[in-house]
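Single-letter residue listing:
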Amino acid sequence: MDLDHSEEDEEFRARLREWLGKVLPALPPKPDPTDWPGRRTYDLGWQRTLYDAGYAGLHWPVDAGGRGATPTQHLIYLEETERAGAPYVGANFVGLLHAGPTIAAEGTEEQRRRWLPPVLRGDEVWCQGFSEPDAGSDLASLRTRAIRDGDHYVVSGSKIWTSHAEVADWCELLVRTDPSAPKHRGISWLAMPMDTPGITVRPLRTLAGSTEFAEVFLDDVRIPVANRVGEENDGWRVTMVTLSFERGTAFVGEVVACRRTLGRLAARARENGRWDDAVLRRRLGRLSAEFTALWRLTQWNVSEAQATGGVPGTGGSVFKLRYSHARQELFDTAAEVLGPDALDLDEEWTLDRLSSLSYTIAAGTSQIQQNIVAERVLGLPKGR
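As a starting point, this report considers the structure included with it.

What counts and how
Residues numbered from 1 in each chain as written. Predicted model: local features only at pLDDT ≥ 70, side-chain atom pairs only at ≥ 80, totals over all residues. Heavy atoms only, no water. Core = buried A, V, L, I, M, F, W, Y, C linked by side-chain atoms within 4.5 Å. Buried < 20%, exposed > 50% of the residue type's maximum accessible area, 1.4 Å probe, protein only. Helix = DSSP H or I, 4+ residues; strand = E, 2+ residues; numbered from the N terminus. Pairing = 2+ DSSP bridges. Salt bridge = Lys/Arg side-chain N within 4 Å of Asp/Glu carboxyl O. Disulfide = S-S within 2.5 Å. Axes fitted to C-alpha atoms, helices over the stretch in contact; angles between N-to-C directions. Parallel < 35°, antiparallel > 145°, perpendicular 65-115°, else oblique. Left-handed = near helix turned anticlockwise from the far one by under 90°. Contact = heavy atoms within 4.5 Å. Nonpolar A, V, L, I, M, F, W, Y, C, P; charged D, E, K, R; others polar.

## Quick look at the nonpolar core
- Among the nonpolar cores identified, the biggest contains 65 residues, and Trp126 and Trp189 are the most heavily contacted of them.
- Element by element, the count of residues in this core is highest for helix H9 (residues 315-338), at seven residues.
- Formed by 21 residues, the second largest nonpolar core is a distinct cluster that contains Ala165, Cys171, Ala214 and Val216.

Laid out in C-alpha cells, this is it:
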C-alpha cells in the first residue's frame, strides 16, 4: 500500500478544495430528511454538479465513464468533501456504490453504455432488491421466481428492506431461475425497471421516521433477458461482486464522517462539562484510535481493489464487521455526552444513533461477516 502524497496529489487536493469552496455556498437548502422525493431531486442535482465538474465516478475505470483516479486521489476526495460538508451520495448510493460498480465489472459493453452514464450524470436512481422476508442473512434461500418466457423472465415474489424503492428508476434484483439447483446456484442478477407493470412498493418507516426502505411485491413482472448481468444461474457469483463493493468500499466516506463527528463530540463535552469525566475521555480516546485504524484499513481495501481490477476482496468483511460496531459505540458515546438532549429527535446525533442500530444488520449481519472472516480469511473449517 503506497499512499504517499505526490505533488500531483496535492495539486488535486488544492483544486478540489477550491472548487468546493465555490460551489457549496450556492447549493439550495437541504430537504427534510423524511422527504425522499425532495431528497432524490437534491441528491441528483448534486450528482449532476459533480459530473459537470469532472468528479463523478472519480475512481471508476475510464472505460466505465469514470476518471480512473488513483487510490490516493480517491481518498483525498473523500476527506475533502466530508471536511467541507458536501452532500452525501444519498439516494444515489445503490447506483454509485453497488449496482454501477457491479455492471462496470460484470456487464456487457451494451449494458455498461446503457446504465452507467445515467448513474454518473444523476439521471437515474437505483434500489436494491436482495433481501426477502425469509431470506435476509441467508440470502441464498431467496424464493422470488423468474420463469423464462421467450425474451423475458416472468418474475413473482417479494423483497424487503429495498433501499430507496419509492424513488428508484431501476432495481438490482436477485431471482431464482432454477429452483431445482442447490440454493447457491440457480440464481440470476437482473436489472428491473421500476415502472414495469406488476410492481407494488410499500414504504417501511424506520425508527428515525424515514421511509428509505420498502417492501416490494412482484406479480408476473416481465423483465427482458437482456437485463440479466452475467450468465443465467450465475447470479450468486455476481452478487458476491456486489457485496464486495457494498462491504469493501461503499462505507469509506462514512469513516471520515465518524472521525469528524468524534471531534465535534469532544468539543461538545468540553462545552457542557462532561469532559471532566475521565472514563468518558478514555472512551473518546479509544474511539479515536479505533477510527484511525479503520481509516488505515480503508486505505488498504481501496488500494487492494485498485490492484485487483476494481473489485474489493474479503478485507471488506473485516472492515464492515468492525466498523458497524464502532459506529454504534460512537453514537452510544454521543448519548453520554448529550445527556438528556439525547432524547431530542431534533438533535442530529440522536437520529444518527437510531440509524446506527441497523449497521450490524445491513450489508450482511455481523454473524455472517464473522463466518466469512473465519472461513475465507483465516481458513477455519465451516461450522456445522
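## Description of the environment of Pro179
- With respect to the element layout, Pro179 can be found in the loop between strand S4 (170-176) and strand S5 (187-193).
- Linking Pro179 and Ala146, residues 33 residues apart in sequence, is a C-alpha distance of 9.4 Å.

## Quick notes on the pairing of S5
- S5 sits mainly inside the fold: seven of its seven residues count as buried.
- Neither face of S5 is left uncovered, since the one carrying Ile187, Trp189, Ala191 and Pro193 and the one carrying Ser188, Leu190 and Met192 both have all their residues buried.
- Two strands pair when backbone bridges link them, and S4 and S5 are joined in this way by seven bridges, in the antiparallel orientation. Of the residues in S5, the one forming a bridge with Trp170 is Pro193.
- Where S5 lies against strand S8 (residues 228-229), two bridges are found, and the strand directions are antiparallel. Following the sheet pairing, Leu190 is matched in S8 by Arg228.

## What to know about the environment of Leu243
- Mapping Leu243 onto the fold places it in helix H6 (residues 235-248).
- The sequence separation of Leu243 and Ser317 amounts to 74 residues, and the corresponding C-alpha distance is 9.3 Å.

## A few points about the pattern of salt bridges
- In total, this model carries 25 salt bridges according to the counting rule given.
- With a closest N to O distance of 2.6 Å, Glu80 and Arg13 form a salt bridge. In this pair, Glu80 sits in helix H3 (residues 71-83) while Arg13 sits in helix H1 (residues 7-23), placing the two residues 67 residues apart along the sequence. Comparing Glu80 with Arg13, the two get one shared label, buried.

## Structural notes on unusual backbone geometry
- With phi around 60 degrees, Trp161 is a residue other than glycine that occupies positive phi space.
- Among the secondary structure elements, Trp161 is positioned in the loop between strand S3 (152-159) and S4.
- One non-glycine residue, Asp220, lies in positive phi territory at about 55 degrees.
- Positionally, Asp220 belongs in strand S7 (residues 213-224).
- In this structure Asp220 comes out as partly exposed when scored by relative accessible area, which is 48%.

## So, the state of the cysteines
- Across all of its chains, the model carries zero disulfides by this definition.
- No disulfide involves Cys127; its nearest neighbouring cysteine sulfur is the one of Cys171, lying 3.7 Å away.

## A closer look at the packing of H1 against H3
- Running from N to C, H1 and H3 cross one another at 30 degrees; their axes reach a closest spacing of 10 Å. Classified by the interaxial angle, the pair formed by H1 and H3 is roughly parallel. Considering only the axes of H1 and H3, their crossing is right-handed. Every residue of H3 that contacts H1 at Glu8, Asp9, Phe12, Arg13, Leu16, Arg17 and Leu20 is listed here: Thr72, Gln73, Ile76, Tyr77, Glu79, Glu80, Thr81 and Arg83.
- Broken down by class, the residue content of the contact of H1 with H3 amounts to five nonpolar, three polar and seven charged.

## A short note on the environment of Glu8
- Here Glu8 shows up in helix H1.
- The class of Glu8 is exposed, set by a relative accessible area of 54%.
- In this structure the C-alpha to C-alpha distance between Glu8 and Gln73, which are 65 residues apart in sequence, comes to 9.3 Å.

## What to know about the packing of H1 against helix H2 (residues 36-53)
- One can describe the packing of H1 onto H2 by two numbers: an axis separation of 13 Å at closest approach and a directional angle of 135 degrees. In terms of orientation, H1 and H2 fall into the oblique class. Where H1 crosses over H2, the two elements pack in a sense that is right-handed. For the pair H1 and H2, the contacting residues are Trp19, Leu20 and Val23 in the first and Trp46, Thr49, Leu50 and Ala53 in the second.
- Classifying every residue of the contact of H1 with H2 by side-chain character gives six nonpolar, one polar and no charged.

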